[in-house]
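Reading the structure
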Amino acid sequence: ALETLKQRACESVELNAARLGALSHRIWSHPELAYAERAAHDALTGFFSSAELPGAAWAVQPRYKLSTAFRAEWGTGGAAPELRIAFLCEYDALPGLGHACGHNLIAEVAVLGTPAEEQGGGKIDLINAGAFDGLDVVFMAHPSQENAAYLPDVAEHDVTVKYYGKASHAAAYPWEGVNALDAAVLAYNNLSVLRQQMKPTWRVHGVIKNGGVKPNIIPSYTELEFYLRAPSMKDLSILTEKVENCFKSAALATGCKVEIKGGENDYYNVLPNKTLQEAYKENGKKLGIEFISEDSILNGLSGSTDFGNVTFVVPGLHPYFYIGSDALNHTEQYTEAAGSQDAQFYALRTAKALAMTALDVIFKPGLLEKVREDFRQVKLKEEGQINLV
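Summarised in this report is the structure supplied together with it. The structure presented is a predicted model; accordingly, all values stated were derived computationally and were not measured.

**Concerning the nonpolar core**
- Ranked by size, the top nonpolar core spans 29 residues in total, and within it Tyr163, Leu191, Val204, Phe226, Val243 and Phe247 carry the most contacts.
- For this core, the secondary structure elements donating two or more residues are strand E7 (155-164), helix H6 (180-194), strand E9 (221-230) and helix H7 (233-254).
- For this core, the element with the most residues is H7, which contributes eight residues.
- Here Phe247 is in contact with Val159, Val161, Tyr163, Ala187, Leu191, Phe226, Val258 and Ile260, once residues within four sequence places are set aside.
- In terms of nonpolar packing, the next biggest core, distinct from the first, is built from 25 residues, Tyr280, Phe321, Ala337 and Val371 among them.

**Structural notes on empty space enclosed by the protein**
- The tally for this structure, following the rule as stated, stands at three cavities of 30 Å³ or more.
- Surrounding the second largest cavity, Leu271, Pro272, Asn273, Thr311, Pro315, Gly316, Phe375 and Val378 form its lining.
- Partitioned by chemical class, the residues of the lining of the second largest cavity number five nonpolar, three polar and no charged.

**Some thoughts on the environment of Arg63**
- Its location among the elements puts Arg63 in the loop between strand E1 (59-62) and strand E2 (70-73).
- Assessed through its relative accessible area of 54%, Arg63 is described here as exposed.
- Taking the C-alpha atoms as reference, Arg63 lies 9.2 Å from Gly113; in sequence the two are 50 residues apart.
- In this structure, Arg63 is in contact with His41, Ala69 and Phe70, ignoring residues within four places of it in sequence.

Calculation notes
- Residues numbered from 1 in each chain as written.
- Predicted model: local features only at pLDDT ≥ 70, side-chain atom pairs only at ≥ 80, totals over all residues.
- Heavy atoms only, no water.
- Core = buried A, V, L, I, M, F, W, Y, C linked by side-chain atoms within 4.5 Å.
- Buried < 20%, exposed > 50% of the residue type's maximum accessible area, 1.4 Å probe, protein only.
- Helix = DSSP H or I, 4+ residues; strand = E, 2+ residues; numbered from the N terminus.
- Contact = heavy atoms within 4.5 Å.
- 1 Å grid on protein atoms, 1.4 Å probe; cavity = no way out; pocket = protein on both sides within 12 Å on 5 of 7 lines; lining within 4 Å.
- Points joined across faces, edges and corners; volume = space filled by probe spheres on them.
- Nonpolar A, V, L, I, M, F, W, Y, C, P; charged D, E, K, R; others polar.

On their own, these measurements won't tell you what the molecule is for.
Structure below.
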């Protein structure tokens, strides 16, 4: 009976392939930045509200907790359900690149719309607003260059640094100035020197957003933006302290004042759930998905996502899927690939694997409890390293 249900789920994906493809292309064609995904929000809520969508009606809540988030619920009616499963989607784009992370492909299996993954952390806002309360398991998948049931997405903290100096004529009387650009350059070089003592799993990368006005004016103001990444929140806190000391010492050396401001939301590392991962791989292989096995990839570093914060409050699965291109995420080539017809095939195949895995959670005896036990054990181990707030 379970295999029959899985077959029906796959058939339903195929039945709606044209609608899903059109929806994905509509989002891809109109890229919108974090917290401003109004057209994508309207397209998705319209899709779930459409009378043309086969099956039972969806209860759609537009602007759910956030102005560009939504919730679409499907149920059999009657008594309150004993089990609640959510599929998440992302639909924000990258500045200047559009959907270079393929978020238009994620939206095809979504019932909880989560904006602002690239910047800000919309899922964290939704967690704080109670949007994940009462959920038992959450699913989503992200485009990549390979198929993997899990990749080690790391914790991330972003920081903005502002140096305040004193302007002066750079040729006539430079000694009257306090050079904020010198502070920015020293900070950048301090971090370069720090890299020798950084763990191989730590990452620090950033840009100078404001370096001054004109060459003949001693810069009185400069601004930098950096992202810090580490495999765990414990490591991230250690790295953050070291990096902030680099910023402060640059101010001291140049006589500038410094303002260090962290981002509103830190991204937590994604907690694995082996039970969900194994179920997903088993279903994916039935559909012809070939999963990577290279230790260098599986045990290396990936990016960061606010889905990591979700996995600290509810068991979750966040696999990656190949979209028919070897282009790298966050490039113009990947933007093009995400809008291709080939990508639709791989996205729909992944949607089937997710749906089949959700059916396993619902109907396989004992599987849900194993998922919950994995969640408890991994979370206890992680939180034993640091007191999260």
